[in-house]
Amino acid sequence: MPDLPRNQHIIASGIVAGVGISVCYLSYTQQPSEAFTFPRLISTVFAVLAIWTFGKALLGKTKVGNGLSMEAMSRITPGLLVMLVYIFWAAKALGFYTSSTIAFFILLSLYDPAQHSEIKSWIRRALITAGFLAIMYGLFAMLLNVYTPREFFN
Amino acid sequence: MEFLLYFSDVFTPVNFGLLLIGTIGGLILGATPGLSPTMAVALLIPFTFKLEAAQGLILLGAAYTSTVAGGAVSAILLKIPGAPANIATTLDGHTMAQKGEGAKALQLSFVSSAIGGVFGVMLLIFLTPVLAKWALAFGPSHLFWLAILGVTIIGSLDSSSVIKGLLSGCIGLWLATIGFDDIMGAQRFIFHPAVSGGINVIPALIGLFAIPQVITMFAKGPNDTTAEVIAVKKQPVMDSIREVIKRRRALGIGTAIGSVIGLIPGVGGQIAGLVAYDQSKKFSPEREKFGTGHSEGVIAAEAANNAMVGPSLVPLLTLSIPGSPTAAVLLGGLLIHGIFPGSDLFDNHPDVAWTFINSMLIGQILMCIFGLYVAGLAASVARVPHSVMAAIVLGLALFGSYSVQNSMGDVYVMASLGIGMYFLERFGFSAAPLVLGLILGPIAEANFVQGSMIANATSGLGPYFLTGTLNLTLIAVVLASIAYSVWMELRQIRYTTKDDAVHKEEAL
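Residues numbered from 1 in each chain as written. Chains lettered and ligands numbered in written order. Predicted model: local features only at pLDDT ≥ 70, side-chain atom pairs only at ≥ 80, totals over all residues.

### With respect to the overall build of chain B
Counting its regular elements, chain B contains 21 helices and 2 strands. Relative to a compact globule of 508 residues, whose C-alpha radius of gyration would be 23 Å, chain B shows 23 Å and is just as compact. The principal-axis extent of the C-alpha atoms belonging to chain B is close to 70 × 70 × 50 Å. Per-residue burial over chain B gives 62% buried out of 508 residues. (Helix = DSSP H or I, 4+ residues; strand = E, 2+ residues; numbered from the N terminus. Rg over C-alpha atoms; globule rule 2.2 N^0.38 Å. Buried ≥ 20, exposed ≤ 12 C-beta atoms within 10 Å, placed from the backbone.)

Structural data, given as structure tokens:
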């Protein structure tokens, strides 16, 4: 059997079990009770399965899920941070198109295998970003008429 | 033969144009490793809002069909399956390409995909109206069990761990209850203003399928993963058509297995392709040639993975039970136009239903024609670096989920679910049952509540939900699917343990 990261499984299944128990508790305590009949049914099964999974993780009997290696985490973290800032702050604060331009360019720069010392690679990234933005503007602003937040320009 | 009445609707300029866009776009998206058919269809949904229902479905259906076939391009030329459904194609397709028969492999793959696909859609055409009429006999208790069946069957069969699959389904069912209760108007689990109106299915689908893929691309890091594309020499198409006819046993096995597997909810194209490959090998007098670039391997695998596309929509269009994650996304596409599958679809919106189904039939042929010409371009797209692909998908996910209701709340829900799903997937949870739970949750709850009212006025809750032939059959199928999956999981564990023992012995 492959070596699975036991502690990571305990934490992950512990969080799921915590959510399951909370949902179950809320389902049985919230009013009006008629509105919670179906959630009670679901949450009971949810909590039982979640506790079972947590128990298996505690006993080290988890069979699937390779978890996250430190190497993978270190690769994900910069992109994830850019994604979080982009979606949860910049998109609304700066406007969709401005923030998308910045986020797109940063992500390209972070994960592009091309040398960062070459001017050519920077020009290529800028051109790809401009092309992407032109397509997004054409599709969403002109074709679908979606009015996106543009606070930065107001 | 009602479908013939609506055949001309496919050829109106707008409909045919959308069919072409969906087919060509799908072929290119399908060839791109990391862009699964489900994710491609989910990202396309926002573009269907402004379209009529039939037009939107034509676009989504064409994309679904051709992404499955397009995945063969990267499987053959790059040895990277564009989608899990193309894994079996890689076995002989790439070896053929290495031997200088890349064009032949591609042609065989598209021709057999088209033949398998047409057969699958014909099954959809003839089975769907019959089953839709049969579904009229279903009462609330049956529909409740059917919804539960949809979640449990995918939760148990489509996941590597039965418990985690079922748990994912439960999480989906719970997420579906967030918001205001339909009958009492009570607030349920509203822990953030973004979810006060409940969780909108479309942003959730985009998040659950697209964001984990974006993060997976981040995890690959800035490595130059550009694979070498094998050059394709020109080859007469007629030779490949003759070869497919000559290898009709493999074509027949692939088509039959794909069609049957497509009808079973939760069993995807990956299994169809692999089972067809395996069976074709067993029945072939040239079985020793399999794996060395044998045309029968490509024909069987590709006929199977496209033959399952049509039948996989039968449970969706008749019983509102999506048989696969992609079918669940298509259900989302139907619901945003206020159309509910089942007999209502065929009685009140026959133009939508038949134009959509007919377009899938024509789409198979277009996919074959364009596939042969777009293959070179699709292979180049498959070499697009992960960094560019991740940024494009992230941008599309943001704009697409916002455009559903012009709401930032939907964007936050999309991102939160997507990031959460990535981490859950790392620990053995799976997106497909969660999505099914989210989509089928309201159906299950509405029928549970309706059934409870009937039960309270008549025989009581237990007898109403737990007796009767149909209820008992459905419950038996729910239990059987779980039991079968548990048995398979235990068998696998036993097998692995035995294998381990052998390795240990060898090490000693």
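On we go from here.
### Things to note about the overall build of chain A
On a plain count of helices and strands, chain A comes out with 5 helices and 0 strands. Starting at the N terminus, the α and β elements of chain A follow one another as α-α-α-α-α. Its C-alpha atoms give chain A a radius of gyration of 23 Å, more than 25% over the compact-globule value 15 Å for 154 residues. Dimensions along the principal axes, computed over C-alpha positions, put chain A at roughly 55 × 45 × 25 Å. The 154 residues of chain A split such that 32% are buried. A fraction of 65% describes how many contacts in chain A between residues 6 or more apart in sequence connect residues 24 or more apart. (Contact = placed C-beta atoms within 7 Å.)

### Digging into the interface of chain A and chain B
With 53 residues of chain A at the contact, the number on the chain B side is 54 residues. For the side of chain A that touches chain B, the elements supplying multiple residues, two or more each, are α1 (6–29), α2 (37–58), α3 (70–93), α4 (96–111) and α5 (119–143) of chain A. Top contributing element to the side of chain A that touches chain B by residue count: α2(A), with 11 residues. Its residues placed into classes, the side of chain A that touches chain B shows 38 nonpolar, 10 polar and 5 charged. (Nonpolar A, V, L, I, M, F, W, Y, C, P; charged D, E, K, R; others polar.)

### Re helix α2 (residues 37–44) of chain B
Residue and element names in this part refer to chain B. Counting buried residues in α2 gives 8 out of 8 residues, a clear majority hidden from the surface. Of all the residues in α2, the buried ones are Pro 37, Thr 38, Met 39, Ala 40, Val 41, Ala 42, Leu 43 and Leu 44. Looking at the buried residues of α2, the elements they touch are α1 (13–31), α3 (53–77), α8 (201–219), α14 (325–335) and α17 (386–405).

### A few points about the nonpolar core
General note: in soluble globular proteins, nonpolar side chains tend to be found buried as a group. A:Phe46, B:Ala42, B:Leu205, B:Ala210, B:Ala276, B:Ala390 and B:Val435 are the most contacted members of the largest nonpolar core, which totals 206 residues. Looking at this core element by element, the count peaks at 16 residues for α3(B). The residues that make up this core include at least three from each of domain 1 (6–58) and domain 2 (71–153) of chain A. For B:Leu205, the contacting residues outside a window of four places in its chain are B:Ala42, B:Val329, B:Gly332 and B:Val435. (Core = buried A, V, L, I, M, F, W, Y, C linked by C-beta atoms within 7 Å. Domains from an automatic or database assignment.)

### What about α4(A)?
Residues and elements named next belong to chain A. End to end, α4 covers 22 Å across 16 residues, agreeing with the expected 22 Å (1.5 Å per residue, within 8%). For α4, the full list of buried residues reads Phe 96, Tyr 97, Ser 99, Ser 100, Ala 103, Phe 104, Leu 107, Leu 108 and Tyr 111. Angular distribution of buried residues about the axis of α4 spans 155 degrees; they occupy a single face of the element. (Expected span 1.5 Å × (residues − 1). Arc of directions from axis to C-beta.)

### Thoughts on the packing of α5(A) against α17(B)
Where α5(A) meets α17(B), the axes come as close as 11 Å, and the angle between the chain directions of the two elements is 20 degrees. The angle between the axes of α5(A) and α17(B) places the two elements in the roughly parallel class. Note that α5(A) runs across α17(B); the crossing there is right-handed. Residues A:Ile128, A:Phe132, A:Met136 and A:Phe140 of α5(A) form the contact with α17(B), whose participating residues are B:Val388, B:Ile392, B:Gly395, B:Phe399 and B:Ser403. When its residues are assigned to classes, the contact of α5(A) with α17(B) shows 7 nonpolar, 2 polar and no charged. (Axes fitted to C-alpha atoms, helices over the stretch in contact; angles between N-to-C directions. Parallel < 35°, antiparallel > 145°, perpendicular 65-115°, else oblique. Left-handed = near helix turned anticlockwise from the far one by under 90°.)

### Quick notes on the confidence of the model for chain A
Confidence in the prediction of chain A, expressed as mean pLDDT, is 86, and 95% of residues score 70 or more. Taken element by element, the predicted model of chain A shows its lowest mean pLDDT in α5(A) (87) and its highest in α2(A) (92). (pLDDT = per-residue confidence, 0-100.)

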